[in-house]
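The chain contents come next:
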Amino acid sequence: MSDALNAQRVAEACRDAMWANDRASKALGMQIQAISPGGAVLSMTVREDMLNGHDTCHGGLITTLADSAFAFACNAYNEITVASGFDVNIMAPARQGDVLTATAVEQSKSGRTGVYDITVTNQAGVRVAIFRGRSYTLKGKPLLPTA
């Protein structure tokens, strides 16, 4: 089996293990569209109960979608990895019925730290938010049981 195929299978197994207990992402109706080593794509449809007083999606919920994509991307190597911080910029409003897609891309992974950029777009391809996450890996703590 090639290293790339093996790495993809590890990423898929990590996705499945994390998704099994990810009550927050499930409660918000998120769906995982794609997973790869260091990458993830998640989507979420904006519901009425996600709207703020301006009838737009609450920025914290847009951020949560980006954070979930970040989590799946940085945990795809079978080492428990947590956020050490993030920055987010809201570029445009999201409205009820919009389908938001968060695409996470690893920019750097060295030692215990990583940097990931997540772009959130709506169904028309309009950028809604840009999120940069910083990760910290807990060395020696696998996400999946080892044989």
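Residues numbered from 1 in each chain as written. Predicted model: local features only at pLDDT ≥ 70, side-chain atom pairs only at ≥ 80, totals over all residues. Heavy atoms only, no water.

Chemist: Just checking my understanding: could you explain the overall build of the protein chain for this structure?
Modeler: What the protein chain contains, in helices and strands, is three helices and six strands. Written out in order from the N terminus, the α and β elements of the protein chain read α-α-β-β-α-β-β-β-β. For a compact globule of 147 residues, the expected C-alpha radius of gyration is about 15 Å, and the protein chain comes in at 15 Å, within 12% of that figure. With the C-alpha coordinates aligned to their principal axes, the bounding extent of the protein chain is approximately 50 × 25 × 25 Å. Sorting the 147 residues of the protein chain into buried and exposed places 36% on the buried side. Relative to all contacts within the protein chain whose residues are 6 or more apart in sequence, the contacts with residues 24 or more apart total 65%. Within the protein chain, one finds 13 positive and 13 negative side-chain charges whose respective centroids are separated by 6 Å. (Helix = DSSP H or I, 4+ residues; strand = E, 2+ residues; numbered from the N terminus. Rg over C-alpha atoms; globule rule 2.2 N^0.38 Å. Buried < 20%, exposed > 50% of the residue type's maximum accessible area, 1.4 Å probe, protein only. Contact = heavy atoms within 4.5 Å. Lys, Arg positive; Asp, Glu negative; His and termini not counted. Charge placed at Lys NZ, Arg CZ, Asp CG, Glu CD.)

Chemist: Would you take a moment to explain unusual backbone geometry for this structure?
Modeler: It is generally the case that most residues other than glycine have a negative phi and that most peptide bonds are trans. A positive phi is found at aspartate 55, a non-glycine position, where the angle reads about 65°. Along the chain, aspartate 55 turns up in the loop between strand S2 (39-45) and helix H3 (59-74). Aspartate 55 gets classed as exposed once you look at its relative accessible area, which sits at 52%. We note that asparagine 78 has phi near 65°; this positive angle belongs to a residue other than glycine. By the secondary structure assignment, asparagine 78 is in the loop between H3 and strand S3 (81-90). On the basis of relative accessibility, which here comes to 17%, the residue asparagine 78 falls in the buried class.

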